[in-house]
Amino acid sequence: MLLIDLKDKELSQEEVELLEHPLVSGLILFSRNFHDKQQVQALIKDVRQRVQKPLLITVDQEGGRVQRFREGFTQLPAMQSFAHFAQSEQETKQLAYEAGWVMASEMFALDIDLSFAPVLDLGHQSKAIGDRAFSQNIHELLPLAERFIDGMQAVGMATTGKHFPGHGHVLADSHLETPFDDRPKSVIFEQDIQPFKQLIAKNKLSAIMPAHVIYTQCDSQPASGSNYWLKEVLRQQLNFNGVIFSDDLGMKGAGFMGNFVKRAEKAISAGCDLLLLCNEPEGVVQVLDNLNYQPTQAQKERYISLMKRKHISWSDLEKNRDYLQASARLSEWQQKWLEWKALNN
């Protein structure tokens, strides 16, 4: 039920022992774990061979500024760029599909189960979100997010909508502090929550990651530790039956919930199935030593459902004409976006 990280580009024996702890279900990889494609493939193979149980291996490979593996991989566009440059609705939806498909294909070729995507936040003003969001317009965001999801699902990758119920309207960065969203409850339900609601209704989301944001007109706790948001709204009102991830409990935005053990306890009590705890090795040890928790059978089944069921080899992928054309098109699109931003910021 805990996803942890690795310190560097090779797996240590101490990390093997942590990953074999009964409370650890998987790991998340970062840029610091990556030198090149060959090295990261070797690292993942080492994890699979040395850890004596199935692990969910994850990464943030959204595209744009949140892409942990770059050299040797498709330069995935920032989500905002699709609607910004596209000449037609058909073109922008095709690009979104290709981005989801190419990203998932490359991650499966590495033997990674899951990339946490897509971002479903409305708007670009948040420091934590910016051009990671598809749009500030729900009618523009929804078809693009759905096509991105279709691309991921065509490969077989589980999808994670984030950051519930919407991080796009707070300026503060939850990596650095706890943001507060003071807007009326009616506005959040009419706008921000709609991408999640509508995609859940279409059975498009395997998992959801809540925000470390306090919505002051709704509840006193951050959504990631809120019974109201996760049990009452997400499970009961929206009928979501998939996995609920906590966002990284090592982020400063989670500090409102207390020390690391308290953060884990609050997230579990609120309804999270899997918890991320990154960049805090002492915090991981504290949680593993002090958390008294046994996942339910339903939680175990949800967790298993996220694991990949298809093998893709890099050699096959690099012979695939559709992949090569889509990869080149996406990389060119992102380069155009970066040039536009440099001139207009």
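So, how was this worked out
- Residues numbered from 1 in each chain as written.
- Predicted model: local features only at pLDDT ≥ 70, side-chain atom pairs only at ≥ 80, totals over all residues.
- Heavy atoms only, no water.
- Helix = DSSP H or I, 4+ residues; strand = E, 2+ residues; numbered from the N terminus.
- Rg over C-alpha atoms; globule rule 2.2 N^0.38 Å.
- Buried < 20%, exposed > 50% of the residue type's maximum accessible area, 1.4 Å probe, protein only.
- Contact = heavy atoms within 4.5 Å.
- Areas by Shrake-Rupley, 256 points an atom, 1.4 Å probe, with all protein chains shown as cover.
- Pairing = 2+ DSSP bridges.
- Right-handed = clockwise from strand over helix to strand, strands pointing away.
- Polar contact = N/O pair within 3.5 Å; in protein donor to acceptor, adjacent residues only side chain to side chain.

Novice: Kindly report on the overall build of the protein, identifying the contributing residues and their values.
Specialist: Per the secondary structure count, the protein includes 13 helices and 12 strands. In terms of overall size, the protein behaves like a compact globule, its C-alpha atoms giving a radius of gyration of 19 Å where 345 residues would be expected to give roughly 20 Å. Overall size of the protein, expressed as C-alpha extent along the three principal axes, is 55 × 50 × 35 Å. Put simply, the protein has 345 residues, and 59% of those count as buried. Once local pairs closer than 6 in sequence are excluded, the contacts in the protein between residues at least 24 apart make up 76%. If you sum the accessible surface of the protein, you get close to 14500 Å²; carbon and sulfur atoms cover 47% of it.

Novice: I'd like a description of the pairing of strand 3 (residues 56-59), backed by residues and values.
Specialist: Sheet faces and side chains relate simply in a regular strand, where the side chains alternate between the two faces. Alternating positions in strand 3 separate into two faces, Leu56 and Thr58 on one and Ile57 and Val59 on the other, with burial throughout. Judged from the 2 bridges that link them, strand 3 and strand 6 (residues 114-115) form a sheet pairing that is parallel. Looking across to strand 6, one finds that threonine 58 is bridged to leucine 114.

Novice: Now, about the pairing of strand 2 (residues 24-29): what can you tell me, with residues and values included?
Specialist: Among the 6 residues of strand 2, 6 are classified as buried, and the element is accordingly described as predominantly covered. Pairing of strand 1 (residues 2-4) with strand 2 involves 3 bridges; the strand directions are parallel. Its bridge partner being in strand 2, isoleucine 4 is matched across the sheet by leucine 27. Handedness of the crossover joining strand 1 and strand 2 through helix 1 (residues 13-19): right-handed. Across 4 bridges, strand 2 lies against strand 3 in parallel orientation.

Novice: So what's going on with the sheet that holds strand 12 (residues 275-276)? Residues and values would help.
Specialist: Strand order in the open sheet formed by 5 strands is 6-3-2-1-12, with parallel pairing between adjacent strands. Edge positions in the open sheet fall to strand 6 and strand 12, since each of these has one partner strand only. Direction of pairing for strand 1 relative to strand 12: parallel, over a ladder of 2 bridges. Opposite leucine 3, over in strand 12, you have leucine 276 as the bridge partner.

Novice: Give me unusual backbone geometry: which residues, what numbers.
Specialist: With an omega of 10°, the peptide bond between lysine 162 and histidine 163 qualifies as cis. Here the residue pair phenylalanine 164 and proline 165 is connected by a cis peptide bond, since its omega of 0° sits within 30 degrees of zero. Residue aspartate 111 is not a glycine yet carries a positive backbone phi of 75°. With respect to the helices and strands, aspartate 111 occurs in the loop between helix 4 (89-109) and strand 6. If you check the backbone angles, asparagine 203 has positive phi at about 60° while not being a glycine. Along the polypeptide, asparagine 203 turns up in the loop between helix 7 (194-201) and strand 9 (207-210).

Novice: Tell me about the side chain of arginine 132, and name the residues and values.
Specialist: As for its placement among the helices and strands, arginine 132 is situated in the loop between strand 6 and helix 5 (138-155). At 2.6 Å, the side chain of arginine 132 and the side chain of glutamate 62 are in polar contact. Sequence-distant contacts of arginine 132, that is, excluding residues within four places in its chain, are made with Glu62, Arg65, Val66, Met79, Val119, Lys162 and His163.

Novice: Provide a residue-level description of the sheet that holds strand 7 (residues 160-164), including the pertinent values.
Specialist: Taken in spatial order, the 3 strands of this open sheet run 7-9-11, and their pairing is parallel. Across the chains shown, the open sheet's two edge strands, defined by having one partner strand only, are strand 7 and strand 11 (243-244). Examined bridge by bridge, strand 9 and strand 11 share 2 bridges and lie parallel to one another. Across the sheet, the residue bridging to alanine 207 is valine 243, located in strand 11.

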